[in-house]
Structures are given as C-alpha cells and as structure tokens.
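Here's the letter readout for the chains.
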Amino acid sequence: MTAEHLRQMIAVLEAERQALATLDLDALLATAQRKQGLCAELEPASPAAPDAECRALAESARALNEVNRRVRNLLAAQVSARIDALVDRPGTYRVARVA
C-alpha cells in the first residue's frame, strides 16, 4: 500500500507544480489538502527496510517536493519585492534578526 500512496503523492506533487505554474489558488489548496492526507496515510508506514520500488518512489517524491518548494519560495520573494517596491521600504516583510 505504501508504494501506491507514494505514486499518489507524486501525482499530487505534479499537480501542485502545474497549479504553481498557472497560479491556480483553488488547485493549490486542493493539492495541499491532498498532500496532508497522504502524509497522514504514510505516517504509520515503517521506515525499516523499504523495498527498492518504495525507495525510488520516495526519492522521486522528495525531488518533486523540493522543486515545488523552490518555486513557492521564488514566488513569495517576488511578491515581497513587489510589495517593498510599492511602499518604498525594502524589507517590509522580513523578520529582524536578533544579534
């Protein structure tokens, strides 16, 4: 069952990538909910000695998730930069670092 869940996760991650590319908020929300549900289903899976297929599927899912994370971060940085430019205050939404 874990392999099937991982295949489903890969499909959801690919749908998320498409939703990010088209900035489809409804699709992004749907994929976020589905990812959360799949994570809950995968949580009880034992990490001890997964077979080669599960390892390959998990690695594919990890790589897709990383790509999507980078795209989300890029979009967020672009929005932040645009907001900063609009208010002429660089760093408006940045957290101050405590020394």
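All values reported here derive from a predicted model rather than from experimental measurement.

Enquirer: Looking at this structure, how should I read the pattern of salt bridges?
Expert: Any two side chains of opposite charge can pair, so long as their charged atoms come close to each other. For the structure shown, the criterion picks out eight salt bridges. Residues joined by salt bridges that share partners form a network here, namely Glu-4, Arg-7 and Glu-53.

Enquirer: What is the right way to read the side chain of Thr-31 from this model?
Expert: Relative to the helices and strands, Thr-31 is located in helix α2 (residues 25-42). Residues in contact with Thr-31, not counting those within four places in the same chain, are Val-12, Ala-15 and Glu-16.

Enquirer: What am I meant to see in helix α3 (residues 52-87) here?
Expert: Each α-helix turn comprises 3.6 residues. Residues three or four places apart therefore point the same way. Look at α3: 53 Å from first C-alpha to last across 36 residues, which is about the 52 Å you get at 1.5 Å a residue. Every buried residue belonging to α3 is among Cys-54, Leu-57, Ala-61, Leu-64, Asn-68, Ser-80 and Asp-84, and all of these are buried. Buried residues along α3 sit against α1 (2-22). Where α3 ends, the next residue or the one after it, Asp-88, has phi of about 55°, a positive value.

Enquirer: Would you mind showing me how to read the nonpolar core here?
Expert: Nonpolar side chains tend toward joint burial in soluble globular proteins. Within the largest apolar cluster, 12 residues are counted, these being Ala-3, Leu-6, Met-9, Ile-10, Val-12, Leu-13, Leu-38, Leu-42, Cys-54, Leu-57, Ala-61 and Leu-64. Contributing elements (two or more residues each) for this core: α1, α2 and α3. Here this core takes six residues from α1, the largest share from any one element. Other than its neighbours up to four places away in sequence, Leu-64 contacts Ile-10, Leu-13, Glu-14 and Arg-17.

Enquirer: What's the story with the packing of α1 against α3 in this structure? I'm lost.
Expert: Helices that pack against each other are described as a pair by the angle of their axes relative to one another and the distance between those axes. At their nearest, the axes of α1 and α3 sit 9 Å apart, and the two run at 20° to each other. By the angle between their directions, the pair α1 and α3 is classed as roughly parallel. In the crossing of α1 with α3, the sense of the turn from one axis to the other is left-handed. Of the residues in α3, those touching α1 at Thr-2, Ala-3, Leu-6, Arg-7, Met-9, Ile-10, Leu-13, Glu-14, Glu-16, Arg-17 and Leu-20 are Glu-53, Cys-54, Leu-57, Ala-58, Ser-60, Ala-61, Leu-64, Asn-65, Asn-68, Val-71, Arg-72 and Leu-75. For the contact of α1 with α3, the residue count by class is 13 nonpolar, four polar and six charged.

What counts and how
Residues numbered from 1 in each chain as written. Predicted model: local features only at pLDDT ≥ 70, side-chain atom pairs only at ≥ 80, totals over all residues. Heavy atoms only, no water. Salt bridge = Lys/Arg side-chain N within 4 Å of Asp/Glu carboxyl O. Helix = DSSP H or I, 4+ residues; strand = E, 2+ residues; numbered from the N terminus. Contact = heavy atoms within 4.5 Å. Expected span 1.5 Å × (residues − 1). Buried < 20%, exposed > 50% of the residue type's maximum accessible area, 1.4 Å probe, protein only. Core = buried A, V, L, I, M, F, W, Y, C linked by side-chain atoms within 4.5 Å. Axes fitted to C-alpha atoms, helices over the stretch in contact; angles between N-to-C directions. Parallel < 35°, antiparallel > 145°, perpendicular 65-115°, else oblique. Left-handed = near helix turned anticlockwise from the far one by under 90°. Nonpolar A, V, L, I, M, F, W, Y, C, P; charged D, E, K, R; others polar.

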